[in-house]
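Notes for the structure review
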Amino acid sequence: SAVISQKPSRDICQRGTSLTIQCQVDSQVTMMFWYRQQPGQSLTLIATANQGSEATYESGFVIDKFPISRPNLTFSTLTVSNMSPEDSSIYLCSVTGTRSYNEQFFGPGTRLTVL
Amino acid sequence: QQQVKQSPQSLIVQKGGIPIINCAYENTAFDYFPWYQQFPGKGPALLIAIRPDVSEKKEGRFTISFNKSAKQFSLHIMDSQPGDSATYFCAAKWMGGSEKLVFGKGTKLTVNP
């Protein structure tokens with residue numbers, strides 16, 4: 001499976017600020033996704049990061065709040081904008097497998113706390 | 001609307017026991033069913049997956065049983081060990097669709113020594 005890294009691994013931010021999370025993959029992948037996992041909860045898909053075009057957002061998530069970039073096949077960023085304490089979560093990058101398109105692999109996550 | 005229902009929410013077994021985690025789905029278009037294992041502070045790791053053309057799949061101590069008519073699938077962990085203590089998530093997707101995974105709510109498994 002691809003090796004996925006995320007930066008930062010954790011951060012504590014003030015209300016009203018923004019944080020950009022980076023996801024780097026060691027090989028070219030077709031699809032990249034961003035998920036949110038609130039404390040003790042399941043995973044919720046925020047958006048699919050499309051290379052060379054706008055991300056596709058899930059219901060309840062909007063581009064102004066969670067702008068996403070994907071400049072190439074190995075890198076993506078998710079920005080959490082104008083943060084509030086309700087944004088405190090783990091944010092996870094996920095990619096489809098290179099051997100099997102059906103498989104999805106997750107990065108280690110970014111633990112965000114908003115004060 | 002939750003499309004994948006997972007139970008139980010938590011499970012405690014003794015070492016060597018066989019914990020069973022169950023999931024039920026609603027969307028008959030789903031045709032790929034993975035299980036993920038997540039340790040605290042880590043991202044979910046793909047454990048094992050099944051497609052509906054088989055009723056059972058084994059990988060090491062982990063087995064998925066699949067009942068297409070009942071729209072249910074389950075994870076069995078043979079000879080469970082304290083190192084298996086983690087949260088387990090079932091998921092489902094439609095391979096002909098957007099590749100979007102729908103997750104169950106998770107089961108926190110504790111294996112006591």
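Here is a short report on the structure shown in this document. These numbers were taken from a predicted model, which means no experiment stands behind them. (Residues numbered from 1 in each chain as written. Chains lettered and ligands numbered in written order. Predicted model: local features only at pLDDT ≥ 70, side-chain atom pairs only at ≥ 80, totals over all residues. Heavy atoms only, no water.)

1. Here we look at the sheet that holds strand S8 (residues 75-80) of chain A
All names here are of chain A. Rules: Any two strands with at least two DSSP-identified bridges between them are counted as paired. For helices the rule is a DSSP run of H or I covering at least 4 residues; for strands it is a run of E covering at least 2, with both sets numbered from the N terminus onward. Here, axes are lines fitted to C-alpha atoms. For helices the fit covers the stretch in contact, and angles between N-to-C directions go from 0 to 180 degrees.
If you trace the 4 strands from one edge of the open sheet to the other, you get S1-S3-S8-S7, paired in antiparallel fashion. At either end of the open sheet lies a strand with only one pairing partner, and these are strand S1 (4-7) and strand S7 (68-72). Across this sheet, the average inter-strand angle for adjacent strands is 15 degrees, counted without regard to direction. Across 4 bridges, S1 lies against strand S3 (residues 19-25) in antiparallel orientation. Directly across from Ile-4, in S3, lies its bridge partner Val-25.

2. Description of the pattern of salt bridges
Stated precisely, the cut-off is as follows: By definition, a salt bridge exists where a carboxyl oxygen of Asp or Glu is found within 4 Å of a side-chain nitrogen of Lys or Arg. Per-residue accessibility, obtained with a 1.4 Å probe over protein chains only, is compared with the maximum for each type, and a residue is labelled buried under 20%, exposed over 50%, and partly exposed between these values.
Here the structure, examined in full by the defined rule, presents 4 salt bridges over all chains. Residues Lys-100 of chain B and Glu-58 of chain A are paired through a salt bridge, measuring 2.8 Å at the closest nitrogen-oxygen approach. In this pair, Lys-100 of chain B sits in the loop between strand S9 (86-92) and strand S10 (102-103) while Glu-58 of chain A sits in the loop between strand S6 (56-57) and S7, so the two residues belong to two different chains. Note on Glu-58 of chain A: relative accessible area 18%, which makes it buried. Asp-87 of chain A is the salt-bridge partner of Lys-65 of chain A, the closest N and O atoms lying 2.7 Å from each other. Of this pair, Lys-65 of chain A sits in the loop between S6 and S7 while Asp-87 of chain A sits in the loop between S8 and strand S9 (89-96), and the two are 22 residues apart along the sequence. With respect to class, Lys-65 of chain A is no different from Asp-87 of chain A; both count as buried.

3. Points about a nonpolar patch on the surface
All names here are of chain B. The following threshold applies: Within this analysis, patches are made of residues with over 30% relative accessible area and no salt bridge. Like charges are joined at 9 Å or less; nonpolar side chains (Val, Leu, Ile, Met, Phe, Trp, Tyr) at 5 Å or less. Note that accessible areas follow from Shrake-Rupley with a 1.4 Å probe, and for residues the cover is restricted to the protein chains shown.
On the surface, Ile-18, Ile-20 and Met-78 cluster together into a nonpolar patch covering about 240 Å² of accessible area. Relative to the assigned elements, Met-78 resides in the loop between strand S8 (72-77) and S9. Given the relative accessible area of 32%, Met-78 is considered partly exposed.

4. Considering the interface of chain A and chain B
Put simply, the rule reads: The contact rule is simple, with two residues in contact once any of their heavy atoms fall within 4.5 Å. Once two parts are joined, some of their accessible surface, as seen by a 1.4 Å probe, is lost; buried area is that loss totalled over both. Counted as a polar contact is a pair of N or O atoms within 3.5 Å, where, for protein atoms, one must be capable of donating a hydrogen and the other of accepting one, and residues adjacent in sequence contribute only when both atoms are in side chains. Lys, Arg, Asp and Glu make up the charged group, whereas Ala, Val, Leu, Ile, Met, Phe, Trp, Tyr, Cys and Pro make up the nonpolar group; the residues left over, Gly among them, are polar.
Between chain A and chain B, the residue contacts involve 19 residues of the former and 18 residues of the latter. Where chain A abuts chain B, roughly 1,500 Å² becomes buried across the two surfaces, and 55% of that area is made up of carbon and sulfur atoms. Applying the counting criterion to the chain A and chain B interface returns 1 salt bridge. Where chain A packs against chain B, one counts 4 residue pairs in polar contact (both at pLDDT 80 or more). The set of elements that each furnish at least two residues to the side of chain A that touches chain B consists of strand S4 (32-37), strand S5 (43-49) and strand S10 (104-106) of chain A. Partitioning the side of chain A that touches chain B into residue classes produces 10 nonpolar, 6 polar and 3 charged.

5. Quick notes on the environment of Leu-75 of chain B
All names here are of chain B. Of note, Leu-75 is situated in strand S8. Residues Leu-75 and Tyr-88 lie 13 residues apart in sequence; the distance between their C-alpha atoms is 9.2 Å. Residues contacting Leu-75, with those up to four places away along its chain left out, are Pro-19, Ile-20, Ile-21, Trp-35, Leu-47, Ile-48, Phe-62, Thr-63, Ile-64 and Tyr-88.

Just geometry here; none of it tells us what the structure is for.
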